[in-house]
Amino acid sequence: MAAPDPRIEFFNHHAPTWDTYGPPHAQILARLDALRPRLDLRPRLDVLEVGCGTGQVTAWLVRCVHPGRVTAVDFSPAMLELARQRGVAAEFIGADVCRDDLGQARFDVVLCLHSFPHFRDQAAALERFARALRAAGRLIILHLDNWRAINAFHDHVGGAVAGDHLPDPTTLTRMLHQVRLDVVELIDEPDLFCLSARRAAVTTPGPMTGPRTAAGS
């Protein structure tokens, strides 16, 4: 049997004080509200929140998609216990997304907010996300900072999360294509990394045609 992921104990240890780290909660929610049109989180969507931690943003997600469903997963039991104590109308599940089945075509959106670097097998996680998405479903990888700053921060923190990096945009795009997810938008700005990818359409082979240009010629 594989050894336990040391990140689990890292997050269990920090769970009691987790909400004191980083920007104030109200500031995070204000930024998410501003990003909501870009994220296209609408009523009636079913969302999988991956790496929900202590549930800081789960209630916000519930408000965005109600009467849709939010399923929030994390591999840290201590984090999940604190998330459940918030009394949010979401389903909280202990799961390791690099190993555990997330279901087949269950969700309209899979959201990884500040969590993707911590997946020890990112390719395996992406395979599970792709299977869990419905037709035309979307994967959103979101950080309220840029790619270089995210990776530098994790190197500075050290411990079990040292070296937990967000792949560079070119590598991440290639990984997504391997699981039939097409990048719709990728933003890497000073205070934002936002990637949105959609399940690739399954097309029926037809007559061969030449490539179309942007003008359709």
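Please refer to the structure placed before this passage.
The shown structure was predicted, so the numbers you read here are calculated from the model rather than taken from an experiment.

Caption draft 1: Focus on the overall build of the chain. Looking only at helices and strands, the chain has 7 helices and 7 strands in total. Secondary structure elements in the chain, listed N-terminal to C-terminal, are α-α-β-α-β-α-β-β-α-β-α-α-β-β. Put simply, the chain has 217 residues, and 47% of those count as buried. Looking at the chain alone, contacts between residues at least 24 apart form 64% of all its contacts between residues at least 6 apart. Looking at the chain as shown, the accessible area adds up to about 11400 Å², and 55% of this sits on carbon and sulfur atoms. Charged side chains in the chain number 23 positive and 25 negative. The centres of these two groups are separated by 7 Å.

Caption draft 2: Looking closely at the layout of surface pockets. Of the volumes computed, that of the largest pocket is approximately 1100 Å³. Lining of the largest pocket is provided by 40 residues; of these, W18, H114, H118, F153 and H154 occupy positions nearest its centre. Partitioning the lining of the largest pocket into residue classes produces 23 nonpolar, 12 polar and 5 charged.

Caption draft 3: Spatial organisation of the environment of T71. For T71, the position within the fold is in strand β2 (residues 70-74). Residues T71 and L61, 10 residues apart in the sequence, show an inter-C-alpha distance of 9.9 Å. Apart from the residues lying within four places of it in its own chain, the contact partners of T71 are V47, L48, E49, E91, I93, R106 and F107.

Cut-offs applied
- Residues numbered from 1 in each chain as written.
- Predicted model: local features only at pLDDT ≥ 70, side-chain atom pairs only at ≥ 80, totals over all residues.
- Heavy atoms only, no water.
- Helix = DSSP H or I, 4+ residues; strand = E, 2+ residues; numbered from the N terminus.
- Buried < 20%, exposed > 50% of the residue type's maximum accessible area, 1.4 Å probe, protein only.
- Contact = heavy atoms within 4.5 Å.
- Areas by Shrake-Rupley, 256 points an atom, 1.4 Å probe, with all protein chains shown as cover.
- Lys, Arg positive; Asp, Glu negative; His and termini not counted.
- Charge placed at Lys NZ, Arg CZ, Asp CG, Glu CD.
- 1 Å grid on protein atoms, 1.4 Å probe; cavity = no way out; pocket = protein on both sides within 12 Å on 5 of 7 lines; lining within 4 Å.
- Points joined across faces, edges and corners; volume = space filled by probe spheres on them.
- Nonpolar A, V, L, I, M, F, W, Y, C, P; charged D, E, K, R; others polar.

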